[in-house]
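The chain contents come next:
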Amino acid sequence: MELNKVINEINRIRGLGFVRSTSVEENDGAIGRTLEDLLGVAENNKQDPDFMGFEIKTQKQITKSPISLFTRAPNSPKKAMRLLRDTFGDYKDSAFPQMKKLYASVYANRWSNIYDVNRMKLNINYQNRQLELLIERDNNLFETPVYWNFIDIEKGLRKIDKLIVVSADKESIDSKTHFKFTKCRLFLQLEFDRFLESLRNGLIQFDIRLGIYKSGKNAGKYHNHGGGFRIKPKNLNLLYRYSADL
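Considerations on the nonpolar core
Stage number 1. Ranked by internal contacts, the top residues of the largest apolar core, which has 41 residues, are Leu 69, Met 120, Leu 122, Leu 133, Phe 195, Ile 208 and Leu 236.
Stage number 2. Those residues in contact with Leu 122 that sit more than four places away from it in its chain are Val 106, Tyr 107, Ala 108, Leu 131, Glu 132, Leu 133, Trp 148, Leu 199 and Phe 206.
Stage number 3. Core analysis: the second largest hydrophobic core is formed by 20 residues, Ile 13, Ala 30, Leu 35 and Val 166 among them.

The structure is reproduced here in structure tokens:
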């Protein structure tokens, strides 16, 4: 019953054609914010699904960019992301030369070079039920263990157990950004073993995005975009028992 209601709402919005963006920002997040407003979903950062038990994500119609699954900082050590930035970041911003940034995409099937100085790799420790972030400098592993507990990762995945991904076209009409919501795909029953298998095969990446606010009231302050697990849209079905176009 809930699925039918969700489908009916998505189809209603798809039938609207181009609608004006409700977001003041001009980024990919504007697509999701506009769809949530059309669905009547209040903006929040809760761990619960967006709409009637379903998590709803959006993407541009033509994109190969990975889609975010969930955001989760390592369980250990405390303030792990700050430690990573301070230890392995670099002074990469000419506007704020005294502040470090750290951007990296890390995989389980290969090492990633970080600013040509360090290397990072994910390691699935089945015995200890942990996902470890291995960091190497000068052929020596970083002595502080950095890891996620399987239990905490499973909690992050619960939000997307029932997932709907909606694609949108973007067009400027009267100098205003508009979106037209088009393709829609349903994913049900995410399995943790499938997540680990995709992670092991390098299909899921962990993105570190520790930057600096460029403008606004927080200009010059550190900005943690959140450490996110991401996957290319074409591989999403590998995580679920059931998927279908709507």
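Digging into the pattern of salt bridges
Stage number 1. Tallied over the full model, the rule gives 16 salt bridges.
Stage number 2. Residues Asp 86 and Arg 85 are paired through a salt bridge, measuring 3.2 Å at the closest nitrogen-oxygen approach.
Stage number 3. Residue class for Arg 85 comes out buried when judged on its relative accessible area of 11%.
Stage number 4. Taking the shortest distance from any N to any O, the salt bridge between Lys 214 and Asp 93 comes out at 2.2 Å. Of this pair, Lys 214 sits in the loop between strand E12 (204-212) and strand E13 (222-224) while Asp 93 sits in the loop between helix H3 (80-88) and strand E4 (102-106), and the two are 121 residues apart along the sequence.
Stage number 5. Judged by relative accessible area, Lys 214 falls into the exposed class, the value being 53%.
Stage number 6. Residues joined by salt bridges that share partners form a network here, namely Arg 33, Glu 36 and Asp 37.

Remarks on H3
Stage number 1. Taken together, the buried positions of H3 are occupied by Ala 80, Met 81, Leu 84, Arg 85 and Phe 88. Viewed end-on, H3 has its buried residues packed into an arc of 135°, placing them on one side of the element.
Stage number 2. In this structure, the buried side of H3 is in contact with E4, strand E5 (112-114), strand E6 (118-125), strand E7 (130-137), E12 and E13.

Here we look at unusual backbone geometry
Stage number 1. Here the amide bond leading from Ser 76 into Pro 77 is cis, since omega sits at 0°, within 30 degrees of zero.
Stage number 2. Positionally, Pro 77 belongs in the loop between strand E3 (67-71) and H3.
Stage number 3. The phi torsion at Asn 139 lies on the positive side, around 65°, for a residue other than glycine.
Stage number 4. For Asp 174, which is not a glycine, the phi torsion comes out positive at approximately 55°.

Re the confidence of the model for the protein chain
Low-confidence regions, as indicated by low pLDDT, have predicted coordinates that should not be scrutinised in detail.
Stage number 1. The share of residues in the protein chain with pLDDT of 70 or more is 94%, and the mean pLDDT across the chain is 90.
Stage number 2. The element-level mean pLDDT for the protein chain is lowest in E13, coming to 85, with helix H5 (residues 192-200) highest at 98.

A word on the environment of Asp 169
Stage number 1. One can find Asp 169 in strand E10 (residues 162-173).
Stage number 2. In this structure the C-alpha to C-alpha distance between Asp 169 and Lys 79, which are 90 residues apart in sequence, comes to 39 Å.

So, the packing of aromatic side chains
Stage number 1. In total, this model carries 11 aromatic pairs according to the counting rule given.
Stage number 2. Ring geometry for Trp 148 and Phe 229: centres 5.4 Å apart, planes at 65°, overall edge-to-face. Of the two residues, Trp 148 sits in strand E9 (residues 147-149) while Phe 229 sits in strand E14 (residues 228-231), which places them 81 residues apart along the sequence. Of the two residues examined, Trp 148 and Phe 229, each falls in the buried class.
Stage number 3. Ring pairs connect the aromatic residues Phe 70, Tyr 126, Trp 148, Phe 150, Phe 192, Phe 195, Phe 206 and Phe 229, which therefore count as one cluster.
Stage number 4. The residue whose ring lies beneath Arg 85 is Tyr 222, and the NZ or CZ to ring-centre distance is 3.6 Å.

Brief notes about the pairing of E10
Regular strands have side chains that alternate between both faces of the sheet.
Stage number 1. With 6 bridges joining them, strand E2 (residues 55-60) and E10 adopt parallel strand pairing. Pairing of Thr 58 across the sheet is with Val 166, part of E10.
Stage number 2. Relative to strand E11 (residues 176-190), E10 is paired through 11 bridges, and the arrangement is antiparallel. Each residue of the ladder has a partner; that of Ile 173, found in E11, is Lys 176.
Stage number 3. In this antiparallel pair of consecutive strands, E10 and E11, the connection spans 2 residues, and Asp 174 shows a positive phi of 55°.

What counts, and at which threshold
Residues numbered from 1 in each chain as written. Predicted model: local features only at pLDDT ≥ 70, side-chain atom pairs only at ≥ 80, totals over all residues. Heavy atoms only, no water. Core = buried A, V, L, I, M, F, W, Y, C linked by side-chain atoms within 4.5 Å. Buried < 20%, exposed > 50% of the residue type's maximum accessible area, 1.4 Å probe, protein only. Contact = heavy atoms within 4.5 Å. Salt bridge = Lys/Arg side-chain N within 4 Å of Asp/Glu carboxyl O. Helix = DSSP H or I, 4+ residues; strand = E, 2+ residues; numbered from the N terminus. Arc of directions from axis to C-beta. pLDDT = per-residue confidence, 0-100. Phe/Tyr/Trp six-rings, centres within 6.5 Å; stacked < 30°, edge-to-face > 60°. Lys NZ or Arg CZ within 6 Å of the ring centre and 35° of its normal. Pairing = 2+ DSSP bridges.

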